[in-house]
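Read off the chains here:
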Amino acid sequence: MLLFSCPNCGPRNETEFHYGGQAHVAYPAHPEELSDRQWAEYLFYRQNTKGLFAERWVHSTGCRKWFNMVRDTVSYDIKAVYRMGEQPPAGLIPAGTGSTSPTQHAPEGAKP
Amino acid sequence: MTTEHLPEHPEFLWRNPDPKKSYDAVIVGGGGHGLATAYFLAKNHGMTNIAILEKGWLAGGNMARNTTIIRSNYLWDESAAIYEHSLKLWEILPEELEYDFLFSQRGVMNLAHTLGDVRESVRRVGANQLNGVDAEWLDPKQVKELCPILNISDNIRYPVMGATYQPRAGIAKHDHVAWAFARKCDELGVDIIQNCEVTGFIKDGNKVTGVRTSRGTINTEKVGLCAAGHSSVLAEMAGFRLPIQSHPLQALVSELHEPVHPTVVMSNHVHVYVSQAHKGELVMGAGVDSYNGYGQRGSFHVIEEQMAAAVELFPIFARAHVLRTWGGIVDTTMDASPIVGTTPVENMFVNCGWGTGGFKGTPAAGLTFAHTIATGAPHTLNKPFSLERFETGALIDEHGAAAVAH
């Protein structure tokens with residue numbers, strides 16, 4: 001049973017919370033302008049970091065507010081908890097693991 | 001006084017060679033799928049100058065940690081085809097691999113506890129039958145006849161309203177399956193390299209030409225990624241992304257009992273799945289831990305909840321004890337279907353996303369992935385399971401049939 005410190009309610013058992021996956025993924029500003037590939041990136045692709053990972057949780061059986069957390073996905077050590085809208089403490093997350101910026105895609109017309 | 005010598009050591013099932021400087025193909029991941037892939041590359045495609053690189057000990061990942069359920073009762077045509085082909089391979093593999101890994105076709109029941117369950121189940125039975133997969137709908141009395149220890153009374157919160165039944169489904173001894181494939185691979189000339197962790201890829205432009213490992217650099221024409229929960233780690237090294245998330249999946253065994261549970265029972269709604277292994281232990285599992293995790297362990301409330309489910313469905317289990325719990329790392333996709341095919345990197349291929357249901361797919365994953373690697377293009381059976389489906393929208397949603405809460 002992991003223990004999470006909700007920013008509003010304090011330390012509670014993990015069973016009071018619901019997981020929200022990778023944090024800091026903004027809803028596309030102009031979804032109608034995205035290509036199929038870019039939309040697929042938004043819908044289906046998320047970082048799957050082995051190590052320090054910025055993620056979201058909601059305190060379902062408490063204040064029901066969302067917040068962010070940096071947790072080590074190997075040791076499950078919680079490094080930081082911070083409010084929705086804030087950024088993780090400086091230097092905690094290596095560059096490139098906090099966003100969904102694509103690194104490489106199949107070229108147009110690539111064979112299935 | 002004469003010295004007593006130990007009896008001859010039993011024959012080792014595979015060699016432990018040092019990696020060569022180059023191979024025609026390298027499989028990253030020495031679990032069930034990696035071993036099966038190498039086997040079919042050698043057997044079906046004559047590719048024997050290949051190596052399996054395993055960062056730990058052979059089949060020590062999810063292949064050592066699953067609950068061994070084998071079935072093909074998935075909903076969609078594409079899934080039924082590949083899982084049923086896998087089941088047909090299971091039926092011939094003990095003889096082909098010359099290894100009795102105790103594949104026991106004792107059937108699998110997927111219980112229905114609500115009207116929605118019943119409708120979904122009857123539909124899936126129909127879909128299975130149309131696809132040539134053996135499937136029946138059972139009413140509660142028939143469920144009880146097949147599994148006398150199951151509680152079909154009305155005095156639980158979600159009574160059993162019936163079940164789907166696949167008679168040819170069953171279980172097998174997972175470690176022995178791995179060793180059976182490993183021995184044949186070795187016989188066919190495949191190098192199995194353990195304690196060999198891939199640390200990077202060498203590319204010529206967009207084409208992979210080599211692998212950097214903890215045991216040196218290995219040049220290769222082709223790379224097949226078979227690393228389950230670690231697939232994203234490898235993909236990032238290679239410079240592409242996968243739409244998977246790695247979660248802990250726990251399982252457990254009881255102590256040994258006389259045979260009491262004659263079949264495999266799965267319940268989505270009262271969430272647990274359980275069988276009894278040949279040796280006598282109850283083997284149980286349920287849903288993933290909700291958070292992303294590579295720790296090969298999860299939280300205990302997940303175990304407690306499946307205990308409650310198991311005891312409600314099987315009252316006599318209240319006298320059993322949990323002997324051991326453990327966890328694996330399952331790479332799940334949003335449609336609960338695997339990804340087997342090409343990647344954006346030339347000559348690099350990926351087999352991942354089998355999530356909570358990879359063990360049953362071991363033979364078909366191996367066969368189709370070997371075909372994909374050898375020919376550069378997918379086999380008919382894995383063609384629908386491409387990376388591209390996340391872009392085209394041709395998803396294959398098998399959350400219901402996956403029977404494991406994500």
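These numbers come from a predicted model, not from an experiment. (Residues numbered from 1 in each chain as written. Chains lettered and ligands numbered in written order. Predicted model: local features only at pLDDT ≥ 70, side-chain atom pairs only at ≥ 80, totals over all residues. Heavy atoms only, no water.)

## So, the pairing of strand β4 (residues 108–112) of chain B
Residues and elements named next belong to chain B. Buried residues dominate β4, accounting for five of its five residues. Side chains V108, N110 and A112 of β4 all project onto a buried face; the interleaved residues M109 and L111 project onto the opposite face, where all are buried too. In the sheet, β4 pairs with strand β6 (residues 162–166) via five bridges, with the strands oriented antiparallel. Residue N110 lies in a different strand from β6, and its bridge partner there is T164. Pairing analysis gives four bridges linking β4 to strand β13 (residues 264–267), with the strands arranged parallel. (Buried < 20%, exposed > 50% of the residue type's maximum accessible area, 1.4 Å probe, protein only. Helix = DSSP H or I, 4+ residues; strand = E, 2+ residues; numbered from the N terminus. Pairing = 2+ DSSP bridges.)

## Description of the interface of chain A and chain B
A common way to report how large an interface is uses the accessible area buried once the components associate. At the interface, 33 residues of chain A touch 40 residues of chain B. Here chain A and chain B share two salt bridges between them. Of the charged contacts in the structure, one is a salt bridge between R241(B) and E41(A), with a shortest N-O distance of 2.7 Å. Elements with a contribution of two residues or more to the side of chain A that touches chain B: α1 (36–44) and β4 (52–58) of chain A. Looking at which element gives the most residues to the side of chain A that touches chain B, the answer is α1(A), with six residues. Here the residues of the side of chain A that touches chain B are counted per class, giving 14 nonpolar, eleven polar and eight charged. (Contact = heavy atoms within 4.5 Å. Salt bridge = Lys/Arg side-chain N within 4 Å of Asp/Glu carboxyl O. Nonpolar A, V, L, I, M, F, W, Y, C, P; charged D, E, K, R; others polar.)

## Brief notes about the confidence of the model for chain A
For any part of a model where pLDDT is low, the fine detail of the predicted coordinates should not be relied upon. Averaged over all residues, the pLDDT of chain A is 87; the fraction at 70 or higher stands at 83%. Below pLDDT 50 for its whole length, residues 96–112 of chain A participates in 42 contacts with residues either more than four positions away or in separate chains. (pLDDT = per-residue confidence, 0-100.)

## Thoughts on the pattern of salt bridges
For the coordinates displayed, the defined rule picks out 18 salt bridges over all chains. Its salt-bridge partner being E55(A), residue R71(A) comes within 2.6 Å of it at the nearest N-O pair. Of this pair, R71(A) sits in strand β5 (residues 66–72) while E55(A) sits in strand β4; the two residues are 16 residues apart in sequence, bridging distant segments of the chain. Residue classification places R71(A) among the buried positions, given a relative accessible area of 0%. As a salt-bridge pair, K43(B) and E96(B) come within 3.5 Å of each other at their nearest N and O atoms. Placement of K43(B) in helix α1 (residues 32–45) and of E96(B) in helix α2 (residues 77–96) is noted, with a sequence separation of 53 residues between them. Relative accessible area serves as the criterion here: at 41%, K43(B) is assigned to the partly exposed category. One salt-bridge network, held together by shared partners, links E84(B), K88(B), E91(B), D134(B) and R168(B).

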